[in-house]
Amino acid sequence: MTACARCGGALEVGDLRCPLCGLAVPAARMPVADTALVRAKVVRCDTCGASLEYSAEVKAPRCAFCASVMHVEMTTDPLEQADAFLPFTVDVAAAREALGHFLAQKRFFRPGDLARLAAVQSLQPLWWPAWGFSAGARVSWAADSNAESRRSDWAPHAGQVELSFQDILVSASRGLTEQECARLSGAYSLARLEDSSRGPEEAQVERFDVTRSGARRQILAAVEAEARERIQREHIPGRRFRNVHVAVVLSHLETRRYALPAYVLAYRYRHKVYRVVVHGQDSAVVLGEAPVSVLKVVLVVLGVLLVLGLLFLLSR
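Note that the structure is a prediction, hence the values are computed from the model and not measured. (Residues numbered from 1 in each chain as written. Predicted model: local features only at pLDDT ≥ 70, side-chain atom pairs only at ≥ 80, totals over all residues. Heavy atoms only, no water.)

### Details of the packing of aromatic side chains
Counting across every chain of the model gives 7 aromatic pairs. Here the aromatic rings of Y267 and Y274 are separated by 5.5 Å at their centres, their planes lie at 25 degrees, and the arrangement is stacked. Both residues of the pair, Y267 and Y274, belong to the buried class. Connected via pairs of aromatic rings, a cluster forms that spans F85, F88, W127 and Y263. Against the face of F108 rests K296, its NZ or CZ located 5.8 Å from the ring centre. (Phe/Tyr/Trp six-rings, centres within 6.5 Å; stacked < 30°, edge-to-face > 60°. Buried < 20%, exposed > 50% of the residue type's maximum accessible area, 1.4 Å probe, protein only. Lys NZ or Arg CZ within 6 Å of the ring centre and 35° of its normal.)

Below, the structure written as structure tokens:
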């Protein structure tokens, strides 16, 4: 594996800059391309920008994420390929059942007839892309804490610590939101990996749209967020703290490309379509949209106005 000329960090196929120090990689030192990068025909969503692997057998011109029209494009630059697929352990029937439980949940502002009138519009199993990384970093931190504060409420504290991070997932998906990816990521078991995809026959694969160098900012942001949580949990003294600042310098970074399983379902309620995402390995993890009952909202607003009016009259 080729190393960076400045910091010695490992360079992977497709790296235009070092993922550790950002130094541009001369063409002569670029790693030789292998099967991890391919030029492919993909279908691109005109609305959310997601790119899915194109198959002539799958006659579905609509995006699995948002149901918008897609167009076929041939990539000019190589695309990253997932080198590890997580298998589906939730089948289609379980995904439908999870949607049923989601619709049957009793929430105050939901329509009372949602579970009865909602009709499943589509159900699409797919693998969405994510970077998995392990890293080492020197973390410098500073914060105010109540420890050793004496007469003051706060006292300054600072330190430096070496931290290691294992199997942190960073989304490379355009079809799923960052919030959806973050909630899905915590329930995957990276111990169960497949060299080739294993799941429902109709499952689609969302492609990586950026190289590892292009994802450097997201990876660094994920390292900093994880470092901040660990510093607050393990290293800041006292029970209360504020003004936490961390600075991270990576010492090494290893990445892997994952394809993570999920179901994207669409259901129709009163002429409007809503989206729900069911985890591909844990059917208890369900994220989705639900309609709001206009009647209940109006009743709550009228109730609040009535209470305010009564209070105004009583105060006179």
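Now that the structure is up, let's keep going.
### Some details on the environment of L163
Assignment of secondary structure puts L163 in strand β8 (residues 155-171). On the accessibility criterion, L163 (6% relative accessible area) is buried. Between the C-alpha atom of L163 and that of A227, which follows or precedes it by 64 residues, the distance is 7.7 Å. Look past the residues within four positions of L163 in its chain and what remains in contact with it is A135, G136, A137, V139, A227, R230 and H235. (Helix = DSSP H or I, 4+ residues; strand = E, 2+ residues; numbered from the N terminus. Contact = heavy atoms within 4.5 Å.)

### Description of the UniProt feature "transmembrane region" (unreviewed entry) in the protein
UniProt tags residues 294-314 as "transmembrane region" (unreviewed entry). With 100% helix and 0% strand, residues 294-314 has end C-alpha atoms that lie 30 Å from one another. (UniProt positions renumbered as here; feature names shortened; annotations may be inferred.)

### Focus on helix α3 (residues 178-185)
Among all positions of α3, only E180, C181, L184 and S185 are buried. The buried residues of α3 occupy one face: seen down the axis, they fall within an arc of 125 degrees. Exposed side of α3, more than 90 degrees from the buried face: E178, Q179, A182 and R183 are the residues found there. For α3, the elements touching its buried residues are β7 (119-145), β8, β11 (272-279) and β12 (286-288). (Arc of directions from axis to C-beta.)

### Points about the pattern of salt bridges
Counting across every chain of the model gives 7 salt bridges. Residue R256 pairs with D83 through a salt bridge whose shortest N-O separation is 3.5 Å. Residue R256 is found in strand β10 (residues 241-269), and its partner D83 is found in the loop between β5 (79-80) and β6 (84-85); the two are separated by 173 residues along the sequence. Across the salt bridge formed by E234 and R233, the nearest N and O atoms sit 3.6 Å from each other. Through salt bridges with shared partners, a single network forms among D83, R256 and R257. (Salt bridge = Lys/Arg side-chain N within 4 Å of Asp/Glu carboxyl O.)

### Remarks on the confidence of the model for the protein
Confidence along the protein averages 82 in pLDDT terms, with 81% of residues attaining 70 or more. Per-element confidence in the protein ranges from a low mean pLDDT of 51 for strand β1 (residues 37-38) to a high of 92 for β11. (pLDDT = per-residue confidence, 0-100.)

### Remarks on the pairing of β10
The side chains of a regular strand alternate, first on one face of the sheet and then on the other. Both β6 and β10 contribute to a ladder of 2 bridges, which runs parallel. Across the sheet, residue F85 finds its bridge partner in β10, namely A259. The sheet contact formed by β7 and β10 spans 25 bridges and is antiparallel. Bridge pairing in β10 places A137 opposite L250. Pairing analysis gives 8 bridges linking β10 to β11, with the strands arranged antiparallel. Within β11, the residue paired with A266 across the bridge is R275. In textbook terms, the turn of a hairpin is the stretch between consecutive antiparallel strands, and for β10 and β11 this stretch comprises 2 residues, one of which, R270, has a positive phi near 50 degrees. (Pairing = 2+ DSSP bridges.)

### A few points about helix α1 (residues 92-104)
In a regular helix each residue adds 1.5 Å, so 13 residues correspond to 18 Å; α1 covers 19 Å between its end C-alpha atoms and thus fits that length. Burial in α1 covers these residues: A95, A98, L99, F102 and L103. Within α1, the buried residues cover an arc of 135 degrees as seen down the axis, which keeps them to one side. Exposed and facing more than 90 degrees away from the buried side of α1 are A93 and H101. In this structure, the buried residues of α1 make contact with α2 (114-117), β7, β10, β11 and β12. (Expected span 1.5 Å × (residues − 1).)

### Re empty space enclosed by the protein
Sizing a probe to match a water molecule and rolling it over the atoms shows the empty space that remains. Under the definition given, this model contains 2 cavities of 30 Å³ or more. Counted as a void, the largest cavity has a volume near 50 Å³. The wall of the largest cavity is formed by 10 residues, among which C4, A5, L23, A24 and V25 lie closest to the centre. Space inside the second largest cavity adds up to approximately 30 Å³. Residue lining of the second largest cavity: E80, Q81, A82, V205, E206, R207 and F208, and that is the complete set. In terms of residue class, the lining of the second largest cavity is built from 3 nonpolar, 1 polar and 3 charged. (1 Å grid on protein atoms, 1.4 Å probe; cavity = no way out; pocket = protein on both sides within 12 Å on 5 of 7 lines; lining within 4 Å. Points joined across faces, edges and corners; volume = space filled by probe spheres on them. Nonpolar A, V, L, I, M, F, W, Y, C, P; charged D, E, K, R; others polar.)

### Some words on the environment of A172
Note that A172 resides in the loop between β8 and α3. A172 sits 36 residues away from F208 along the chain, and the two C-alpha atoms are 6.1 Å apart. For A172, the contacting residues outside a window of four places in its chain are P129, A130, W131, R207 and F208.

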